[in-house]
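Residues per chain are reported as follows:
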There are 2 protein chains.
Amino acid sequence: MAAKEELKLLGVDVSPFAIRAHMAVVIKGVSCEYVVEDLSNKSELLLSSNPVYKKVPVLIHNGKPICESLVIVQYVDEIFSGDGVPSILPTDPYERAIARFWAAYVDDKFFPVLRGIVLALTEQERVEKATETLAAIEPLEEAFAMCSKGKAFFSGDSIGYVDLALGSLLVWIEAIRRMYNIEIISASKTPRLSAWAERFGESAAAKEVLPEVDKAVQFGKMLEAAASAAAASK
Amino acid sequence: MAAKEELKLLGVDVSPFAIRAHMAVVIKGVSCEYVVEDLSNKSELLLSSNPVYKKVPVLIHNGKPICESLVIVQYVDEIFSGDGVPSILPTDPYERAIARFWAAYVDDKFFPVLRGIVLALTEQERVEKATETLAAIEPLEEAFAMCSKGKAFFSGDSIGYVDLALGSLLVWIEAIRRMYNIEIISASKTPRLSAWAERFGESAAAKEVLPEVDKAVQFGKMLEAAASAAAASK
């Protein structure tokens, strides 16, 4: 670690991907300037730091950009380590592999169908996406039992890699419940995740970083309208 | 590392994802039983080891399964390390983050459009996918210059993480050239990757693991026919 660290994170409050990166930095207890991007007028710094995707989050560490949320979380975990600093990824290589598997599952299988609920153009499509999302959460309920081994979080006693991957979507899961009355995590169907979600929300890092659900609802309505407008103009 | 390692890899010769995992094990110089799966009649071991995706590759290390090719490559790199054992991921955390970014780019952005060429149902769709693939290779040509810093591979003097991610697709890139006369990597348009691809193919690990291009062509024709049949039966 350099003597003087300059850490800047470009994000958007309701972006689950920015939430992960931001929470990782907060968990590590390092000081970081959080810069909120205006997605309708992206900064030059964002465009030049992430020329491939032009998306948040981007972490800029001593002038060097790192893109992609899970890459950022791993980077932050590796750079800021040592006595008394919480680990985000498990230290055991096998447990680390399992954590990487489930974090990738969240992004590759769960998130696309979850987002599909908001972007659906018809009620039928929304029902289909809701069904797919409910199916996609089931393996995560099992994974929690397997990974947590009876502890509070996927990684044990404190928030870790899979917790951040899935936990960053909780605001959207709640927004979708309010918008469409679709319950993806519930005490009846996913009791373990339901209790986990409560614990996650009560953590200091979540309290510091998570936006109000209303903000996600507002943003969701905007996404929904934009998807309809794009479909209508085709 | 345990005194006696039992390593088994379930794969399919032409699967780029299995190729990566297999090459990683070969690069590490560890002994590993490679088991070819019959995709039309998957083994119980595959189904029980990867219940979520039921796909190759799966690495089974002392009885414990690890799924997803890039997770396997990272696991193998972490488990088999030490003096004289080549590193697959860079040791510098920033370079490691950059390697993870580009490997994810290969899987998220490049591979889907490349596969789309084979699965296209019409000539027009194939041309569209080819155009998208040619656009998607461009950032990788730039990335090579940035990452390799004038050396032979993305990771320096030997095959590393991004080399495995993209290099495992070279057999398919060549198969697509033979099948459709579409040149994705060429001396004229992507000179750096063109020279890199030649070096990659000449490496000991590639020579040991890569299947004949004809096998990929055969498999590609099967995929093409299956896609057409699926579309016709809708």
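Nothing here was measured: the structure is a model prediction, and the numbers come from that model.

Caption draft 1: Spatial organisation of the sheet that holds strand β4 (residues 64-67) of chain A. Residues and elements named next belong to chain A. Read from one edge of the open sheet, four strands run β2-β1-β3-β4, paired in mixed fashion. Two strands in the sheet have a free side with no partner beyond their single neighbour: β2 (33-36) and β4. Sheet twist, expressed as the mean angle between neighbouring strand axes with direction ignored, is 20°. The pairing of strand β1 (residues 7-11) with β2 spans four bridges and is parallel. Bridge pairing in β2 links Lys8 to Glu33.

Caption draft 2: Just a positive patch on the surface, in detail. There is a patch of like positive charges on the surface, built from A:Lys109, B:Lys42, B:Lys54, B:Lys55 and B:Arg115. For B:Lys55, the location among the structural elements is in the loop between α2 (44-49) and β3 (58-61).

Caption draft 3: Molecular detail of the interface of chain B and chain A. If you look at the interface, chain B gives 23 residues, while chain A gives 23 residues. Carbon and sulfur atoms supply 67% of the area that chain B and chain A bury against each other, a total of about 2200 Å² over both sides. Counting the contacts that link chain B with chain A gives four salt bridges. Among the salt bridges present, the one from B:Glu78 reaches A:Arg96, with a minimum N-O distance of 2.8 Å. For the interface between chain B and chain A, the tally reads eight residue pairs in polar contact (both at pLDDT 80 or more). With 11 residues, the single largest contributor to the side of chain B that touches chain A is helix α4 (residues 93-119) of chain B.

Caption draft 4: The nonpolar core, seen in detail. Ranked by internal contacts, the top residues of the largest apolar core, which has 162 residues, are A:Phe110, A:Trp196, B:Phe110 and B:Trp196. Setting aside its immediate chain neighbours within four residues, B:Phe110 contacts B:Tyr105, B:Thr133, B:Ala136, B:Ile137, B:Leu140, B:Leu166, B:Leu169, B:Ile173 and B:Ile184.

Caption draft 5: Molecular detail of the relation of the copies chain B and chain A. Aligned on chain A, chain B shows an RMSD of 0.0 Å; the corresponding rotation is 180° and the shift along the axis is 0.0 Å. Both copies are brought into coincidence by an operation consistent with a two-fold rotation axis. For chain B, the minimum C-alpha distance to the rotation axis belongs to B:Asp108 and amounts to 4.6 Å. Here 100% of the interface residues in chain B have copies in chain A that are interface residues too; the copies meet face to matching face.

Caption draft 6: Local environment of the pattern of salt bridges. A full pass over the atoms with the stated rule returns 27 salt bridges over all chains. Ionic pairing is found between B:Glu78 and A:Arg100, a salt bridge with its closest N-O pair at 3.0 Å. Residue B:Glu78 is located in helix α3 (residues 69-79), and its partner A:Arg100 is located in helix α4 (residues 93-119); the two belong to separate chains. Judged by its relative accessible area of 25%, B:Glu78 falls in the partly exposed class. As a salt-bridge pair, A:Lys129 and A:Glu132 come within 3.7 Å of each other at their nearest N and O atoms. Here A:Lys129 and its partner A:Glu132 are both found in helix α5 (residues 123-148), three residues apart, which amounts to about one turn of the helix. Residue class for A:Glu132 comes out partly exposed when judged on its relative accessible area of 36%. Here the salt bridges share partners, and the residues they tie into one network are A:Glu174, A:Arg177, A:Arg178 and A:Asp214.

Caption draft 7: Main features of the domain arrangement of chain A. Residues and elements named next belong to chain A. Annotation of chain A at the domain level lists domain 1 (7-79) and domain 2 (93-224). Listed as interface residues are 15 residues of domain 1 and, on the opposing side, 23 residues of domain 2. Considering only the side of domain 1, the residues that lose the most area to domain 2 are Val14, Arg20 and Met23, jointly responsible for 36% of the buried surface there. Scanning the region where domain 1 abuts domain 2 turns up two salt bridges. Between Arg20 and Asp107 there is a salt bridge; the shortest N-O distance is 2.7 Å. Where domain 1 meets domain 2, there are eight residue pairs in polar contact (both at pLDDT 80 or more). Broken down by element, the residue count for the side of domain 1 that touches domain 2 peaks at nine residues, all from helix α1 (residues 16-28). The class makeup of the residues in the side of domain 1 that touches domain 2 is 11 nonpolar, two polar and two charged.

Caption draft 8: Examining the UniProt feature "domain: GST C-terminal" (unreviewed entry) in chain A more closely. As annotated by UniProt and renumbered to match this structure, "domain: GST C-terminal" (unreviewed entry) occupies residues 92-223 of chain A. The distance from the first to the last C-alpha atom of residues 92-223 of chain A is 40 Å, and the span holds 76% helix and 0% strand.

Caption draft 9: Molecular detail of the sheet that holds strand β1 (residues 7-11) of chain B. Residue and element names in this part refer to chain B. In space, the four strands of this open sheet follow the order β2-β1-β3-β4, with mixed pairing throughout. Looking at which strands have only one partner, the edges of the open sheet turn out to be β2 (33-36) and β4 (64-67). Each neighbouring strand pair of the sheet contributes to a mean axis angle of 20°, computed without reference to strand direction. In terms of strand pairing, β3 meets β4 through four bridges, oriented antiparallel. Residue Ile60 lies in a different strand from β4, and its bridge partner there is Pro65.

Caption draft 10: Main features of the side chain of A:Thr133. You can see A:Thr133 is positioned in helix α5. Every residue in contact with A:Thr133, bar those within four places of it in the chain, is listed here: A:Phe110, A:Val113, A:Leu114, A:Ile117 and A:Ile184.

Caption draft 11: Examining the packing of helix α1 (residues 16-28) of chain B against α3(B) more closely. All names here are of chain B. Interhelical geometry of α1 versus α3 gives an angle of 5° and a closest axis separation of 8 Å. Taken together, the axes of α1 and α3 are roughly parallel relative to one another. Counting all contacts with α1, which are made through Phe17, Arg20, Ala21, Ala24, Val25 and Lys28, the residues of α3 involved are Ser69, Leu70, Ile72, Val73, Val76 and Asp77. Taken together, the residues of the contact of α1 with α3 break down into eight nonpolar, one polar and three charged.

Caption draft 12: Local environment of helix α8 (residues 191-202) of chain B. The terminal C-alpha atoms of α8(B) lie 17 Å apart, and with 12 residues this matches the ideal 16 Å at 1.5 Å per residue to within 8%. Where the residues of α8(B) are buried, they touch α1, α5 (123-148), α6 (161-167), α7 (170-180) and α9 (204-209) of chain B.

What counts and what doesn't
Residues numbered from 1 in each chain as written. Chains lettered and ligands numbered in written order. Predicted model: local features only at pLDDT ≥ 70, side-chain atom pairs only at ≥ 80, totals over all residues. Heavy atoms only, no water. Pairing = 2+ DSSP bridges. Helix = DSSP H or I, 4+ residues; strand = E, 2+ residues; numbered from the N terminus. Axes fitted to C-alpha atoms, helices over the stretch in contact; angles between N-to-C directions. Patch = residues over 30% accessible without salt bridge, like charges linked within 9 Å, V, L, I, M, F, W, Y side chains within 5 Å. Areas by Shrake-Rupley, 256 points an atom, 1.4 Å probe, with all protein chains shown as cover. Salt bridge = Lys/Arg side-chain N within 4 Å of Asp/Glu carboxyl O. Lys, Arg positive; Asp, Glu negative; His and termini not counted. Charge placed at Lys NZ, Arg CZ, Asp CG, Glu CD. Contact = heavy atoms within 4.5 Å. Buried area = accessible area lost by both parts, 1.4 Å probe. Polar contact = N/O pair within 3.5 Å; in protein donor to acceptor, adjacent residues only side chain to side chain. Core = buried A, V, L, I, M, F, W, Y, C linked by side-chain atoms within 4.5 Å. Buried < 20%, exposed > 50% of the residue type's maximum accessible area, 1.4 Å probe, protein only. Least-squares fit on C-alpha atoms with pLDDT ≥ 70 in both. Domains from an automatic or database assignment. Nonpolar A, V, L, I, M, F, W, Y, C, P; charged D, E, K, R; others polar. UniProt positions renumbered as here; feature names shortened; annotations may be inferred. Parallel < 35°, antiparallel > 145°, perpendicular 65-115°, else oblique. Expected span 1.5 Å × (residues − 1).

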